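Listed below, chain by chain, are the residues.
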Amino acid sequence: MKEIVAVKNVVIGEGKPKICVPIVGKDISQIIEETNFLKNLDFDIVEWRADFFDNVTNIDKVKEILNNIKIILPCKPIIFTFRSVKEGGEKEVSTEFYIKLNKSIARAKLVDIIDIELFNTEKDIKELIKLAHENNAAVIISNHDFNKTPEKEEIISRLRKAQELGGDIAKIAVMPNCSEDVIILLDATRIMREKYANVPIITMSMAGKGIVSRISGEIFGSDITFGAAKKVSAPGQIAISDLRKIIELLHNNL
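Only a predicted model underlies this, so the values are computations on that prediction, with no experimental measurement involved. (Residues numbered from 1 in each chain as written. Predicted model: local features only at pLDDT ≥ 70, side-chain atom pairs only at ≥ 80, totals over all residues. Heavy atoms only, no water.)

1. Structural notes on the UniProt feature "binding site: 3-dehydroquinate" (unreviewed entry) in the protein
Turning to step 1, where the next piece is worked out: Here the UniProt feature "binding site: 3-dehydroquinate" (unreviewed entry) sits at Glu47, Trp48, Arg49, Arg83, Arg214, Ser233 and Gln237.
Turning to step 2, where the next piece is worked out: Residue position: Arg83 is located in the loop between strand S5 (78–81) and helix H3 (95–108).
Turning to step 3, where the next piece is worked out: What makes Arg83 buried here is its relative accessible area of 3%.
Turning to step 4, where the next piece is worked out: Contact partners of Arg83, with chain neighbours within four places excluded, come to Glu47, Arg49, Asp51, Gly88, Gly89, Glu90, Lys91, Asp115, Glu117, Ser142, His144 and Lys171.
Turning to step 5, where the next piece is worked out: Within the local environment of Arg83, its side chain forms a polar contact with the side chain of Asp115, the two groups lying 3.0 Å apart.
Turning to step 6, where the next piece is worked out: Relative to the helices and strands, Gln237 resides in the loop between strand S10 (224–228) and strand S11 (238–239). (UniProt positions renumbered as here; feature names shortened; annotations may be inferred. Helix = DSSP H or I, 4+ residues; strand = E, 2+ residues; numbered from the N terminus. Buried < 20%, exposed > 50% of the residue type's maximum accessible area, 1.4 Å probe, protein only. Contact = heavy atoms within 4.5 Å. Polar contact = N/O pair within 3.5 Å; in protein donor to acceptor, adjacent residues only side chain to side chain.)

2. Regarding the packing of aromatic side chains
Turning to step 1, where the next piece is worked out: One pass over the structure, following the stated rule, counts three aromatic pairs.
Turning to step 2, where the next piece is worked out: Taking the centre distance of 6.0 Å and the plane angle of 65° together, the rings of Trp48 and Phe80 count as edge-to-face. Of this pair, Trp48 sits in strand S4 (residues 45–49) while Phe80 sits in strand S5, placing them 32 residues apart in sequence.
Turning to step 3, where the next piece is worked out: Overall, the relative accessible area of 0% leaves Trp48 in the buried class.
Turning to step 4, where the next piece is worked out: Their ring planes at 75° and their centres at 6.3 Å tell us that Phe82 and Tyr98 sit as a pair that is edge-to-face. Placement of the pair is Phe82 in the loop between S5 and H3 and Tyr98 in helix H3, with a sequence separation of 16 residues.
Turning to step 5, where the next piece is worked out: One aromatic cluster in this structure is built from Trp48, Phe53 and Phe80.
Turning to step 6, where the next piece is worked out: Across from the ring centre of Phe43, 4.6 Å away, lies the NZ or CZ of Lys76, which sits over that ring.
Turning to step 7, where the next piece is worked out: Over the aromatic face of Tyr196 sits the side chain of Arg160, whose NZ or CZ is 3.9 Å from the ring centroid. (Phe/Tyr/Trp six-rings, centres within 6.5 Å; stacked < 30°, edge-to-face > 60°. Lys NZ or Arg CZ within 6 Å of the ring centre and 35° of its normal.)

Here it is as structure tokens:
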């Protein structure tokens, strides 16, 4: 039986896909402005993409921003994500700093979920998961391919690996180069849900071709979808208001 992840008032892993919105400001003032803009929007989870922040190597400043996000959006679960360049992120940092940053954020108890990339060492991933759990944070283990869509079996394999490593949520995002690629991602999601998943999963096919994957999670098995407020953090994100309407429409007709 698939486990759920309950964070604040949000239950991930059952019912409609939860809508997550990214914050992608480059400095403190932009981040605070974006966060305030979100206060009256209809979404479930907020993700701070810290790799967009110009001063991300100053961990004290990172904690200061997280504290502000928490004050402005006290009821929303917060995902902390530093996306590496090799996975489509904005900044290159050493592996050592990546691990140090995520461990520091876990210890600070300022977030509800931490995103850890799958292609770190197994030892580092397991240490980060253990530390996150000790500080009451869940972990997404994620993987992104901005160039192509892997074979169906490979998509399933990566999701299963994320689950086997102890991730509370397994995530993969891929780039479609044709409509068949979108079908591959959707069917991999279905198979993962029906045969292997014991944790919530997040899957998406990016860019315009993949938009159907962002709205059909309840049908195929993806438990979180990412929508845009002011700025997108990945190609193909839909405005939150449109995303909510479509998800409700699909849900009401299932």
